[in-house]
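So the chains spell out like this:
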Amino acid sequence: MEQKKRNRTSNESFKKYHDRAYKRYTIMLRYDTDSDLIDLIDKYMVNGYDSPTKAIKAIMRGE
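First, a word on scope: everything that follows refers to the structure included in this document.

Calculation rules
Residues numbered from 1 in each chain as written. Predicted model: local features only at pLDDT ≥ 70, side-chain atom pairs only at ≥ 80, totals over all residues. Heavy atoms only, no water. Helix = DSSP H or I, 4+ residues; strand = E, 2+ residues; numbered from the N terminus. Rg over C-alpha atoms; globule rule 2.2 N^0.38 Å. Buried < 20%, exposed > 50% of the residue type's maximum accessible area, 1.4 Å probe, protein only. Areas by Shrake-Rupley, 256 points an atom, 1.4 Å probe, with all protein chains shown as cover. Lys, Arg positive; Asp, Glu negative; His and termini not counted. Charge placed at Lys NZ, Arg CZ, Asp CG, Glu CD. Phe/Tyr/Trp six-rings, centres within 6.5 Å; stacked < 30°, edge-to-face > 60°. Lys NZ or Arg CZ within 6 Å of the ring centre and 35° of its normal.

Here we look at the overall build of the chain
Point 1. The helix and strand inventory of the chain stands at three helices and zero strands.
Point 2. Along the chain direction, N to C, the helices and strands of the chain fall in the order α-α-α.
Point 3. Relative to the 2.2 N^0.38 estimate, which gives 11 Å for 63 residues, the radius of gyration of the chain is 19 Å and therefore markedly larger than a compact globule would have.
Point 4. Projected onto the principal axes, the alpha-carbon positions of the chain cover approximately 60 × 25 × 25 Å.
Point 5. Here the chain, with 63 residues, has 11% of them falling under the buried criterion.
Point 6. Total accessible area on the chain stands at roughly 6,700 Å², and carbon and sulfur atoms take up 51% of it.
Point 7. Mean positive and mean negative side-chain charge positions of the chain (14 and 10 charges, respectively) differ by 12 Å.

Concerning the packing of aromatic side chains
Point 1. Within the structure shown, the criterion is met by two aromatic pairs.
Point 2. Between Y17 and Y22, the ring centres sit 6.3 Å apart and the planes meet at 85 degrees, which makes this aromatic pair edge-to-face.
Point 3. By relative accessible area, which is 41% here, Y17 ends up partly exposed.
Point 4. For the pair Y44 and Y49, a centre-to-centre distance of 5.7 Å together with 35 degrees between the ring planes defines the contact as tilted.
Point 5. Y44 sits in the buried class, given a relative accessible area of 16%.
Point 6. Positioned above the aromatic ring of Y25 is the side chain of K23, whose terminal nitrogen or guanidinium carbon lies 5.7 Å from the ring centre.

Here it is as structure tokens:
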């Protein structure tokens, strides 16, 4: 029996696309000095944003 060819994107192709299409930032927040930012991000996530990235974008855009 002949196998069907899978139509999948390789991890390498996926990484190339993301490297080309997105700029990545990594942020580390300290509990003692950045607690106001942590609380604000958590508040946005409780109110409907499903990821920290979306919450931070909303905060920066003033939504």
